[in-house]
Amino acid sequence: MQVNILEAKNRLSQLVKCALAGEEVVIANRGEPVARIVPVRPGAAESGEPGSGAAFARWLRHHPLPAHLQRGHEEIEAGIRAERAGWD
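### Digging into the environment of Leu12
Its location among the elements puts Leu12 in helix H2 (residues 12-20). Counting along the chain gives 25 residues from Leu12 to Ile37, while the straight-line C-alpha distance between them is 9.6 Å.

### What to know about the environment of Val3
Of note, Val3 is situated in strand S1 (residues 2-4). Given a relative accessible area of 4%, Val3 falls into the buried group. Separated by 23 residues in sequence, Val3 and Val26 have C-alpha atoms that sit 6.4 Å apart. With sequence-adjacent residues up to four places away left out, Val3 is seen in contact with Ala8, Arg11, Leu15, Val26, Ile27 and Ala28.

### Concerning a nonpolar patch on the surface
Taken together, the side chains of Phe56, Trp59, Leu60, Leu65 and Leu69 make up a nonpolar region of the molecular surface, amounting to roughly 500 Å² of accessible area. In this structure, Phe56 sits in helix H4 (residues 53-62).

### Re the sheet that holds S1
On the basis of which strands lie adjacent, the open sheet formed by 3 strands has the order S1-S2-S3 and mixed pairing. Sheet topology places S1 and strand S3 (32-37) at the edges, where each strand pairs with a single neighbour. Each adjacent strand pair in this sheet contributes to an overall mean axis angle of 35 degrees, direction not counted. Where S1 lies against strand S2 (residues 25-29), 3 bridges are found, and the strand directions are parallel. If you follow Asn4 over to S2, its bridge partner there is Ala28. Helix-sheet contacts for H2 involve S1, S2 and S3, and the interaxial angle to S3 is about 70 degrees.

Reading the values: rules and limits
- Residues numbered from 1 in each chain as written.
- Predicted model: local features only at pLDDT ≥ 70, side-chain atom pairs only at ≥ 80, totals over all residues.
- Heavy atoms only, no water.
- Helix = DSSP H or I, 4+ residues; strand = E, 2+ residues; numbered from the N terminus.
- Buried < 20%, exposed > 50% of the residue type's maximum accessible area, 1.4 Å probe, protein only.
- Contact = heavy atoms within 4.5 Å.
- Patch = residues over 30% accessible without salt bridge, like charges linked within 9 Å, V, L, I, M, F, W, Y side chains within 5 Å.
- Areas by Shrake-Rupley, 256 points an atom, 1.4 Å probe, with all protein chains shown as cover.
- Salt bridge = Lys/Arg side-chain N within 4 Å of Asp/Glu carboxyl O.
- Pairing = 2+ DSSP bridges.
- Axes fitted to C-alpha atoms, helices over the stretch in contact; angles between N-to-C directions.

Written out as structure tokens, the structure reads:
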């Protein structure tokens, strides 16, 4: 997959996940390839190595967010809608 710089900026986390899944991700400047996103260590996300998604999930289970910071999807969306309504 090839994306331009602005799109890469807006979709970085998704592009990193694609690269971790083995997809080639190329970043272009005005259609000219300039960079490539590649995993640091192939398969690191599945291995549980430090810095991997599995390691972070394990850490988060042992260090949960305080109750006042835990919000569900609907509560977050409601907050976003309320903030946007205040823009008018």
